Amino acid sequence: MDEAILAEEEAIHKDICSSLTDYEKNRGNLIPILQMIQQRHAYLSPDAIKTVAEHLNIPVCEVYGVATFYNQFRFNPPGRHPIRVCLGTACHVRAGDIILENFERKLGIREGETTADREFSVERVACVGCCALAPVAVVDEVVQGRMAPSKVEGLILRIRMKNERSGVRGSGSEVTSEKSDDNTNLEPLTSNPEPPFQKGAE
Amino acid sequence: MTETLHQVYDAIREKAEQRRKVFRETPGPKIHIGMATCGIASGAVETKKAFEESLAELGLAAQIHTVGCIGHCYAEPVVIIEHPDSGFPPIFYHQVTPGKARMLTKLFLEEGDPRFEHVYGAVELNEMIPSVMEFPRFNQEKRIIMQKCGRIDPEDIYDYIAEGGYSALVRAFQRSPEEVIAEIRDSGLRGRGGAGFPTGRKWEMARQSAGSDKTVVCNADEGDPGAYMDRTLLESNPHQVLEGMIICAYAVGAKKGMVYVRAEYPLAVKLVTQAIRQAKEVKLLGKGILGTDIDLEIEVFQGSGAFVCGEETALIQSIEGKRGMPKHRPPYPVESGLRGLPTVINNVKTLATIPPILEQGAEWFRSIGTEKSPGTAVFSVVGSVLNPGLVEIPMGVTLRTLIFEICGGIPNKKKFKAVQIGGPSGGCLPEEFLDTPIDFDSLTQAGAMMGSGGMVVMDADTCVVDVSRYFLDFTQKESCGKCTFCRIGTWHLLDILKRITKGEGVEDDLLQLERLSEDIKNGSLCGLGKTAPNPVLTSLRYFREEYDAHVKEKRCPGMTCRTLTAYYIDLDRCARGCDICGGCCPVTAVFSTKNRKKAIDQSLCVKCGECLVACPPDYKAVVKISPPGLAPVIERPENPPESHE
Ligand SMILES: Cc1cc2nc3c(=O)[nH]c(=O)nc-3n(C[C@H](O)[C@H](O)[C@H](O)COP(=O)(O)O)c2cc1C
Ligand code: FES
């Protein structure tokens, strides 16, 4: 296992070194470089930060200082199934924090963390742009509108069951439930039977 | 010069019109699908696929035209179907799920039945179907900035040009830069980025700055966590913004342009980048624009998500690869900005307003809106309204008209409580202010702010204290840390608010909130700190009794603060056999009492409200109450009569 991770890190290091050659050694390129690395590898490892510092010939703490200043950058690998819970204004007013809490509780991790098996990670985001469907969570890039605490378990379970069926490494967590008759399709829940909006005021 | 200018432009225009003609004259139906982020989030991609598949299955020919967002977020995915052969006018359908798409293909496109029960309205006035133009949402809006949004394909420059796009640029080039600036100054346009600085003055100052190495920056950082009109604009009509930028660059004499857009807006980044490429291909950008000797290169810079980077000096720092910390002004960016050179920074909406002004003149623009704030304002109205979404209204319309007429009022017969305007820098206004006209000065006077243009409508079930805490939580996290009062003062403000919402507030707290807020305002360098206390100050001013209820009675009138509320099950109403509440409780706090009725274990309850929603309306047995002490205590029996865990 350790070897596999080491090999993976080595590969990342090589990739970063080779992509850095496209960028001039210019301080103004720092943020675009960090963005490029995050886009290719989903996070900034300590090694990546060191490599960038060496390339631009600036102290590591400078790179770290800039990277931590901005919300975009993350420093641990995200899960295979990233869960992003919207805590924009509209979602907050409709209790988005309760949704976030439910994900945290069900997965046993805190916001910004990844489960030990790297299967799930939970993050908060500001406004996904569909406030009309608040509260909203984005699971595996699929927007789940009109979330409710009771939908949380089902969503996680579907992914776990899908994994089990396709033989992907087990869930590793002890969450169990009797409600296993859930539909295993991850379709957006946006078309649920909420009464359609009315024209004009009631 | 003007001759070649016209020739070059007319050639492009002709091509655009030719393409438009082919599109229009191709027989068969046309399906317009809104595909901006909001549409995609609501499933527009699946809807489009469903149309394509069902068209193929039925062997029908129809043109699918992907457009941007028309701002009616409550109705997404929005589809407009033109089916001339059916004899009906173009029809607006809302919430078109893949299933509905298949049904419409079969029944409307093939058989000619528009399915009246799914029709929202006809797009134009006609005799057969009520038109959407009769709804306040449509006929009270005045669209200048978003006029073409949702009507054109943002991925196709010719679609914009066919609608008259880039003709304002030609007009601008025919005049001297000074004349262009004079026109903008006379129009009275004020920056839509929040502060409302006169755009003409800003350009004039930039023009007068020495040197030719100037830069125009389009500020699309949009940090407000609940507002998204800048993104929508870039996703629905990027060319109008680019046209505004080119005119600005010409007027101030800049050779470089930059669009600063959040990396969190991947679709906007993609569409703007593509729009720049297309504009270059037809010589609307790059070297020798439209055959003149005017050059302009525009690049995209992806902001990494920091609210404070919307502030112009911080934005410049971040482009230079540093932490986005604001600097002291003066010198203003128009004198010394990016890399020490003169830089004009304008908001997306400001730039998008430029082409219409040049097209129709300052006089026309002044005739819209109020005297001190001419033109229109774009708001993203969310929260407790029937029809949330983006709304563009002339300045001077009252909040009441906007909320109750245009956006349809508060759903579920709830009572209006407050409206929060301007996001984290704005304020919370109560009912008395509903007749306030919306413009820069009236809002500032009332204690709110135009700010980002985010508007949250709150009903009686929202807690004003909690919303203030929410915004403060945001500004506290986003404070760059340069000024002590902003860094630590907001932390203390937040701490006090957190205590109050947890029922641990003491009476002295309210005084502390006020004093600290004033200190933060005075002790901060940039707008973030100067406005961060606004949500607290306005809510304290207008909703003091709510704070008092939290502090003195430990009660949350909106029943939102979770520590101050409790849920219990009314045993008289509970139907003993039903197990719905127990089934939905995420923490198994619901248990059965001796006679098999249900009760809630307060020590486990996380107050998610799920049981309240789930309890069948016939029983309505779950009750929410504040303060929590009022909930009856029911002990969990030692030996559960029936275990359902
Ligand atoms: C904390 C803070 C955040 C801001 N965020 C934005 C923003 O997201 N978008 C924007 O256009 N202006 C923002 N501004 C205002 C800009 O500093 C600047 O005034 C504006 O971009 C100027 O453009 P305008 O003249 O077109 O309004 C912000 C200001 C502050 C103090
Ligand atoms: S606030 Fe959550 S989608 Fe806008």
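Since this is a predicted model, take the numbers as computed values, not measurements. (Residues numbered from 1 in each chain as written. Chains lettered and ligands numbered in written order. Predicted model: local features only at pLDDT ≥ 70, side-chain atom pairs only at ≥ 80, totals over all residues. Heavy atoms only, no water.)

Undergrad: Kindly report on the overall build of chain A, identifying the contributing residues and their values.
TA: Across its full length, chain A holds 7 helices and 4 strands. When the helices and strands of chain A are read in sequence order from the N terminus, they spell out α-α-α-α-β-α-α-β-β-β-α. For chain A, the proportion of its 202 residues judged to be buried stands at 49%. Taking as baseline every contact in chain A between residues at least 6 positions apart, the subset at least 24 positions apart corresponds to 63%. Just so you have it, chain A exposes about 10000 Å², and 50% of that area is on carbon and sulfur atoms. (Helix = DSSP H or I, 4+ residues; strand = E, 2+ residues; numbered from the N terminus. Buried < 20%, exposed > 50% of the residue type's maximum accessible area, 1.4 Å probe, protein only. Contact = heavy atoms within 4.5 Å. Areas by Shrake-Rupley, 256 points an atom, 1.4 Å probe, with all protein chains shown as cover.)

Undergrad: I'd love a proper account of the nonpolar core, names of residues and values included.
TA: In this structure, Y166(B), L169(B), W203(B), L284(B) and L290(B) are the most contacted members of the largest nonpolar core, which totals 91 residues. Sequence-distant contacts of L290(B), that is, excluding residues within four places in its chain, are made with T4(B), L5(B), V8(B), Y9(B), I12(B), L169(B), V170(B), K283(B) and L284(B). Counting 42 residues, the second-largest nonpolar core is a separate cluster that includes I37(A), L56(A), F73(A) and C526(B). (Core = buried A, V, L, I, M, F, W, Y, C linked by side-chain atoms within 4.5 Å.)

Undergrad: Outline the interface of chain A and chain B, supporting the account with residue identities and numerical values.
TA: Residue-level contacts link 50 residues of chain A with 65 residues of chain B. Regarding the contact of chain A and chain B, the summed buried area is about 4400 Å², with carbon and sulfur atoms giving 58% of it. Joining chain A to chain B, the criterion identifies 2 salt bridges. Close ionic contact of R562(B) with D97(A) constitutes a salt bridge, the shortest N to O distance being 3.4 Å. Only α2 (30-41), α4 (60-69), α5 (89-93), α6 (96-107) and α7 (149-165) of chain A provide two or more residues apiece to the side of chain A that touches chain B. Residue contributions to the side of chain A that touches chain B peak at 6 residues, all from α6(A). Looking at the side of chain A that touches chain B residue by residue, the class counts come to 24 nonpolar, 15 polar and 11 charged. (Buried area = accessible area lost by both parts, 1.4 Å probe. Salt bridge = Lys/Arg side-chain N within 4 Å of Asp/Glu carboxyl O. Nonpolar A, V, L, I, M, F, W, Y, C, P; charged D, E, K, R; others polar.)

Undergrad: Report on the packing of helix α19 (residues 508-522) of chain B against helix α22 (residues 544-552) of chain B, specifying residues and quantitative values.
TA: All names here are of chain B. Closest axis-to-axis distance for the α19/α22 pair is 10 Å, and the angle between their directions is 135°. Compared by their axis directions, α19 and α22 come out oblique. Together, L510, L513 and E514 of α19 and R544, Y547, D548 and V551 of α22 make up the contact between the two elements. Taken together, the residues that form the contact of α19 with α22 break down as 4 nonpolar, no polar and 3 charged. (Axes fitted to C-alpha atoms, helices over the stretch in contact; angles between N-to-C directions. Parallel < 35°, antiparallel > 145°, perpendicular 65-115°, else oblique.)

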